Amino acid sequence: MGTIQSTSLATSSPLNLTRGFGFFPANTSIDSPSPPTIIGIGATPSISHSLLNTTIPLAFWRLRANVSGQFVAGVFFGYNLGYTVQGATLANGTARLEFQDDSTQGGAGFGFGFTLSFAFNIDQLRTTISFRRGIQSTWERVFNFSASATIDLIGITLQILRAAGVNVPLDQISAAGSLGASGAIWGLYSSASSQLASEGSLTFRPRLNVSVNLLSVIPQLRATLKALKKAGGKLSVGPQLNIEFPVTIEIVRLTTEDGDYNFSGFSSGVFRFNGGPAISSSAPPVQDISIVHTHTLGFRFTLEVKASFGMWSIFSLSASVPINLSSVVRPTVGVNRALGPFFTTLNNSQNLAHDESRGAALAAELPEVVWG
């Protein structure tokens, strides 16, 4: 028996939305799975322009000001994956594995923004007199202020559209902070964890919601809704169509330095494999481990009536009821596995993404004040 000691495998460490698996990797098979790749980036090079760069002399002082602007963008499309695995290969060519701490995040998102950077300095003229060097003058910085802020152009556009009555069903994705370049990433996103041991697969469901507020089309309520909006509140009641895109990840093969073991079944938290080579009952611990997965993509529609109330963007309350029109319209319609399978792999010899310097470069800068 070859023992597989507890091993953590992941597309990156820590998991992020810059490195992972694409939804549609080309030409994959169980014998040629796709390794982790880049699924998200901040646009480089960015477009920058100096808006103001001036120096104002004031006797023994000078004021220097610099204002620059930079267009930035970010995008991701795919998902990440991580888990801890342990188990054993057996003398009869079978193997067993147990998974824990499994986690995945993914979807599609994009961002576009404009970063405004400002720097202001005050320098004082210092004059020194010496017999050897004579009279010398140097500028000494006595005050320094710098700040930067990113204007979320996508967010502003969505607010304008919503004010005009057009509700674009995109959410801000806070988990995409590793992209950071645009200050905000908008799109479809979902995450899932701790499913492999209980269900034998891992599924996350990016979701798109399309709703209609029926109250806004009732003439008698328009004045009330307008007054509520001026007070900072919002009330809506109406049908909502939910479109889910489930992504299901399954384990299909274990590969070690001894050979390949194909998945044969799952029960009680244990994944079983067969078809491997016969090994000695006193075989040493397994050194090389590779896990091959598949993922499939589907779609799912649900219809419901939703009511929501919010006040000042700090308080919100909502409730929904599924719509079931007997046998005419089912509350759930869709296909869980419409596209795929696509094959991917993780192994303990892959170089994980530890490029912290890149992550720092993509992260949005916070305003900073430095006093001289």
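What comes next is a walk through the structure.

## Points about the pairing of strand β17 (residues 289-311)
Pairing geometry for strand β13 (residues 233-244) and β17, over twelve bridges, is antiparallel. Across the sheet, isoleucine 243 pairs through a bridge with phenylalanine 301, a residue of β17. With nine bridges connecting them, strand β14 (residues 247-256) and β17 associate as antiparallel partners. Within β17, the residue paired with leucine 254 across the bridge is isoleucine 291. In this sheet, strand β18 (residues 315-322) lies alongside β17 in antiparallel orientation, the contact comprising eight bridges. Bridge pairing in β18 links lysine 306 to serine 320.

## Observations concerning the nonpolar core
Leu81, Tyr83, Leu97, Phe99, Leu254, Phe273 and Ile291 are the most contacted members of the largest nonpolar core, which totals 29 residues. Taken together, the elements giving at least two residues each to this core come down to β1 (2-10), β6 (61-89), β7 (95-130), β11 (201-204), β14, β16 (270-274), β17 and β19 (332-347). Sequence-distant contacts of isoleucine 291, that is, excluding residues within four places in its chain, are made with Leu9, Tyr83, Leu97, Phe99, Ile251, Arg253, Leu254, Thr344, Thr345 and Leu346. If you look at the next biggest cluster of nonpolar residues, it comprises six residues, including Phe76, Ile173, Ala176 and Leu179.

## Brief notes about the packing of aromatic side chains
Under the definition given, this model contains 16 aromatic pairs. Here the aromatic rings of phenylalanine 21 and tyrosine 79 are separated by 5.7 Å at their centres, their planes lie at 55 degrees, and the arrangement is tilted. Taken together, the positions of phenylalanine 21 in the loop between β2 (19-20) and β3 (37-38) and tyrosine 79 in strand β6 put the pair 58 residues apart, joining distant regions of the chain. You can call phenylalanine 21 buried: its relative accessible area is 0%.

## Focus: the side chain of threonine 344
Structurally, the position occupied by threonine 344 is in strand β19. Leaving out residues up to four positions away in the same chain, threonine 344 has contacts with Phe21, Pro33, Ser34, Tyr79, Ile291, Val292, His293 and His295.

Each value, and the rule that gives it
Residues numbered from 1 in each chain as written. Predicted model: local features only at pLDDT ≥ 70, side-chain atom pairs only at ≥ 80, totals over all residues. Heavy atoms only, no water. Pairing = 2+ DSSP bridges. Helix = DSSP H or I, 4+ residues; strand = E, 2+ residues; numbered from the N terminus. Core = buried A, V, L, I, M, F, W, Y, C linked by side-chain atoms within 4.5 Å. Buried < 20%, exposed > 50% of the residue type's maximum accessible area, 1.4 Å probe, protein only. Contact = heavy atoms within 4.5 Å. Phe/Tyr/Trp six-rings, centres within 6.5 Å; stacked < 30°, edge-to-face > 60°.

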